[in-house]
Amino acid sequence: MDAAPIEVFEGEVKTPDRPIIPVILGDGIGPEVISVARRVIDSAVNKAYGGGRAICWKEVLAGESAFKAKGEWLPRETLEALRDYKVSLKGPLTTPVGGGIRSLNVTIRKKLDLYACIRPCKWIPGVPTPVKRPEALDVVIFRENTEDVYAGVEWAAGSEEALKVRRFLKEFMGVSIGEDAGLGLKVISRRATERLVRAAIKYAIKNGRRSVTVVHKGNIMKYTEGAFVKWAYELAEREFGPLIVAERDLIDKNLPAEGKIILKDRMADSMFQQILLKPEEYDVIVTPNLNGDYLSDACAAQIGGIGLAPGANINFETGVAVFEPTHGSAPKYAGLDRANPTAAILSGVMMLEYIGWANAAVLVRKALERTIAQKKVTVDLARLMDGSEALTCSEFGKAVINNL
Ligand code: NAP
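Sequence order as written defines residue numbering, which begins from 1 separately in each chain. Where totals are concerned, whole chains, interfaces and linings use all residues; where local detail is concerned, this predicted model gives features only for residues with pLDDT of at least 70, and gives and counts side-chain atom pairs only at 80 or more. Heavy atoms throughout the structure, all of them, feed into the side-chain values; hydrogens and water do not.

Participant: Whenever I open this one, the overall build of the chain confuses me. Can you help?
Facilitator: Numbered from the N terminus, helices here are DSSP runs of H or I no shorter than four residues, and strands are runs of E no shorter than two. Tallying secondary structure elements over the chain gives 14 helices and 17 strands in all. The size measure is the radius of gyration over C-alpha atoms, and the globule rule it meets is 2.2 Å times the number of residues to the 0.38 power. Against the globule reference of 22 Å for 404 residues, the chain gives a C-alpha radius of gyration of 22 Å, in line with a compact fold. For the chain, the spread of C-alpha atoms along the three principal axes comes to 65 × 60 × 45 Å. Within the chain, counting contacts between residues at least 6 apart in sequence, those at least 24 apart form 70% of the total. Carbon and sulfur atoms form 53% of the exposed surface of the chain, whose accessible area is close to 18,500 Å². Put simply, the chain has 54 plus and 51 minus side-chain charges, and the middle of one group is 2 Å from the middle of the other. Contact between two residues is taken to exist if any of their heavy atoms lie within 4.5 Å; hydrogens are not considered. Per-residue and other accessible areas were derived by the Shrake-Rupley procedure at a 1.4 Å probe size, with only the shown protein chains allowed to occlude residues. Charge convention: Lys and Arg are scored as positive, Asp and Glu as negative, and His as well as the terminal groups of each chain are ignored. All charge positions are set by atom: Lys at NZ, Arg at CZ, Asp at CG, Glu at CD.

Participant: Explain the packing of aromatic side chains here, please?
Facilitator: Given two aromatic rings, their pairing is described by the distance between the two centres and the angle made by the two planes. Aromatic rings from Phe, Tyr and Trp, taking only the six-membered ring of Trp, are treated as a pair when their centres fall within 6.5 Å; an angle between ring planes under 30 degrees marks them as stacked, one over 60 as edge-to-face, and anything in between as tilted. Overall, the coordinates contain 6 aromatic pairs when judged by the stated rule. Between Phe168 and Phe172, the aromatic rings sit 5.2 Å apart at their centres with planes inclined by 40°, giving tilted as the arrangement. In this pair, Phe168 and Phe172 are both assigned in helix H5 (residues 160-173), 4 residues apart and thus about one turn of the helix distant. Overall, the relative accessible area of 43% leaves Phe168 in the partly exposed class. For a Lys NZ or an Arg CZ to count as sitting over a ring, it must be within 6 Å of the ring centre and within 35 degrees of the ring normal. For Arg53, the ring lying beneath its charged end belongs to Tyr49, and the centroid distance is 4.4 Å. A cation over an aromatic ring shows up here: Arg248 above the ring of Tyr233, its NZ or CZ 3.9 Å from the ring centre. Only protein chains enter the calculation, and the probe is 1.4 Å; a residue is then buried if its accessible area is under 20% of its type maximum, exposed if over 50%, and partly exposed in between.

Participant: Would you mind showing me how to read the layout of surface pockets here?
Facilitator: One way to see where empty space is left: roll a probe the size of a water molecule over the atoms. In this structure, the largest pocket spans a volume of roughly 1,100 Å³. Points on a 1 Å grid over protein atoms alone make up a cavity when a 1.4 Å probe fits among them but cannot get out, and a pocket when they form an open set with protein on both sides within 12 Å along at least five of seven lines; lining residues each have an atom within 4 Å of a point. Tyr203, Lys206, Asn207, Glu353 and Tyr354 are, among the 36 residues lining the largest pocket, the residues nearest its centre. Top element by residues in the lining of the largest pocket is helix H6 (residues 190-206). It accounts for 6 residues. Each residue is assigned to one class: nonpolar for Ala, Val, Leu, Ile, Met, Phe, Trp, Tyr, Cys and Pro, charged for Asp, Glu, Lys and Arg, and polar for all the others, Gly among them. For the lining of the largest pocket, the per-class residue count stands at 23 nonpolar, 2 polar and 11 charged. Grid points are joined across faces, edges and corners, and a volume is the space filled by probe spheres set on the points.

Participant: How do you make sense of the pattern of salt bridges when you look at a structure like this?
Facilitator: Note that side chains of opposite charge can pair when their charged atoms are close. Definition used for salt bridges: Asp or Glu carboxyl oxygen within 4 Å of a side-chain nitrogen of Lys or Arg. Scanning all chains against the criterion turns up 25 salt bridges. We note a salt bridge from Lys90 to Glu324, for which the minimum N-O separation is 2.5 Å. Here the residue Lys90 occupies a position in strand E5 (residues 87-90), and Glu324 occupies one in the loop between strand E15 (321-323) and helix H11 (342-354), the gap between them amounting to 234 residues. The same class applies to Lys90 as to Glu324, namely buried. A salt bridge links Lys186 to Asp148, with the nearest nitrogen and oxygen atoms 2.5 Å apart. Of the two residues, Lys186 is situated in the loop between strand E9 (183-184) and H6 and Asp148 in the loop between strand E7 (138-144) and strand E8 (154-155); the sequence distance between them amounts to 38 residues. With relative accessibility at 1%, the residue Asp148 sits in the buried group. Shared partners join several salt bridges into a network, and the residues in it are Arg190, Glu194, Lys230, Glu234 and Arg238.

Participant: Looking at this structure, how should I read the site of the ligand?
Facilitator: Near the ligand lie 23 residues; those nearest to it are Thr95, Gly328, Ala330, Lys332 and Tyr333. Polar contacts, as counted here, are pairs of nitrogen or oxygen atoms within 3.5 Å of one another; within protein the pair requires one atom able to donate a hydrogen and one able to accept it, and residues that are adjacent in sequence qualify only if both atoms are side-chain atoms. In the environment of the ligand, an oxygen atom lies 2.7 Å from a nitrogen or oxygen atom belonging to the backbone of Ala330. Within the side chain of Tyr333, an N or O atom sits 2.5 Å from an oxygen atom of the ligand. Taken by itself the ligand offers 880 Å² of open surface, and the protein chains cover 68% of this. Here the residues of the shell around the ligand sort into 8 nonpolar, 9 polar and 6 charged. Proximity criterion: a residue is near a molecule or strand once any of its heavy atoms comes within 4 Å of it.

Participant: I'm lost on helix H14 (residues 393-402) in this one. Help?
Facilitator: The periodicity of an α-helix, 3.6 residues per turn, causes residues three or four places apart in sequence to face the same way. Of the positions making up H14, those classed as buried are Cys393, Ser394, Phe396, Gly397, Ala399 and Val400. Considering only its buried residues, H14 is in contact with helix H1 (30-49), H11, helix H12 (358-373), strand E16 (376-378) and strand E17 (389-391).

Participant: Explain the domain arrangement of the chain to me, please; I cannot follow it from the model alone.
Facilitator: For an interface, size is often stated in terms of accessible area lost upon the parts coming together. Along its sequence, the chain is carved into domain 1 (1-126 + 309-404), domain 2 (130-147 + 188-302) and domain 3 (148-185). Those domain boundaries reflect an automatic or database domain assignment. Look at where the C-alpha atoms of domain 1 and domain 2 centre, and you get two points 26 Å apart. Counting residues at the interface gives 18 residues for domain 1 and 21 residues for domain 2. Of the roughly 1,700 Å² buried between domain 1 and domain 2, counting both surfaces, carbon and sulfur atoms make up 57%. In terms of surface lost to domain 2, no three residues of domain 1 exceed Tyr115, Arg119 and Cys121, which account for 39% of the buried area on that side. Here domain 1 is connected to domain 2 by 1 salt bridge. Note that Asp113 is salt-bridged to Arg195, the shortest N-O span being 2.7 Å. Inspection of the region where domain 1 meets domain 2 yields 8 residue pairs in polar contact (both at pLDDT 80 or more). Accessible-area loss on putting two parts together, using a 1.4 Å probe and summing over both, is the definition of buried area adopted here.

Participant: Explain the packing of H1 against H12 to me, please; I cannot follow it from the model alone.
Facilitator: To characterise two packed helices, one gives the angle between the axes of the helices and the distance between these axes. Throughout, an axis means a line fitted to C-alpha atoms (over the contacting stretch in the case of helices), and angles, computed between N-to-C directions, take values from 0 to 180 degrees. Two elements in contact, H1 and H12, have axes whose closest approach is 8 Å; the angle formed by their N-to-C orientations is 125°. The angle between H1 and H12 places the two elements in the oblique class. The handedness of the crossing between H1 and H12 is right-handed. Across the interface between the two elements, Val40, Ala44, Val45, Lys47, Ala48 and Tyr49 from H1 touch Ala358, Asn359, Ala360, Leu363 and Val364 from H12. Looking at the contact of H1 with H12 residue by residue, the class counts come to 9 nonpolar, 1 polar and 1 charged. Any angle from 65 to 115 degrees is called roughly perpendicular, while one under 35 is roughly parallel, one over 145 is roughly antiparallel, and all others are oblique. For any helix crossing, the convention is left-handed if the near helix is rotated counterclockwise from the far helix by under a right angle, and right-handed if that rotation is clockwise.

Participant: I tried to follow H11 on my own but got confused; where do I start?
Facilitator: Each helix should span, by expectation, one fewer than its residue count multiplied by 1.5 Å. Under the 1.5 Å per step criterion, the end-to-end length of H11 is 18 Å for 13 residues, consistent within 8% with the ideal 18 Å. Most of H11 sits inside the fold, with 12 of its 13 residues counted as buried. For H11, the complete set of buried residues consists of Thr342, Ala343, Ala344, Ile345, Leu346, Ser347, Gly348, Val349, Met350, Met351, Leu352 and Tyr354. Within two residues after H11, Gly356 carries a phi angle of roughly 85°, on the positive side.

Right, dumping it as structure tokens:
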């Protein structure tokens, strides 16, 4: 059978037996971890479907390799491939320093309108962690990906633009801001909030999760994060009414939970201690961009670090989805074959689940668990694990494949 693109109709993903999936190897440790992830995924697919299915990877350029080959950091053909082929796997990209170039990762998410950044954090038994009960944390973070202070609407201190905004604020709004201040806008819209919260609640329903927690700082930033939490409750009531119960109603009105998903909200600052002290009370988390960025690394630390944390950036309306590890390009380990490929492999697992190849996804997850239980791990974990065997990135990949 010929290779063909994945198609998405009204949110439903249709995967041919030989889907074309673009892959960005990325910068720094990216090519190492993504190559290992690809080998593991290919072996699992082959094993699960007896050769009846296979991924046809299509390498596309971004970051340093694109700049070397084409003089551009993010070629138009790459963005078009990510959009047209719907589903892709991506390695980390270094943010070019200087020259006013913005983060390529943020640019990809914005250009493709990949509004939901989804980061599951669940401990793999045996992985060393700084907490006493790592098994108690099993959360999936839905981080808004297109707005907030990350929208890139900002002006340098002393620039003509900053001075213009300052004059406008003084003249028309009666707000005084020091001349030496850099300025940035925090943007949170109803539309972006609603589509993210909708995706998080649908995910919770589909996956039998118990609660959705809105994490915000609405007491201080009333019209942005305060609005985020208000719109979240309104949407939940309007679109999912009978399936949801607000935590405050459980207490105030003594309503029964009975199979419903409990909708909670927490202040972002308090949430950082909540996930440490009462991790079992949290399940799906939905939050604006900046909170989500911080919270996902904090949760990743609880399960052993960002080397183990996968991620996905998805637009559920267009179906375009880019799967990538949470970590960056870790330049100091580039080319040393010592990075941990687990986050990249698990991003591949999320991708397999998204395209409906669940059997292959289960095989990879179990093989990873078996490999770690055998104390075969990369150096970052081996240095914290007594009696472990320290493997290179590629050796770890082979060990996982042997365990499939
Ligand atoms: P980073 O690349 O994630 O690395 C920070 C530290 O995390 C590393 O020094 C290492 O810690 C550990 N680490 C990360 N990935 C690991 C892995 N797979 N295996 C083992 N250890 C791992 O963050 P950064 O140094 O702040 O960022 C470097 C570049 O990546 C920047 O240009 C940044 O913009 C970019 N970035 C890209 C993405 C993305 O593409 N989505 C995301 C984040 C950052 P130790 O030093 O403790 O060993």
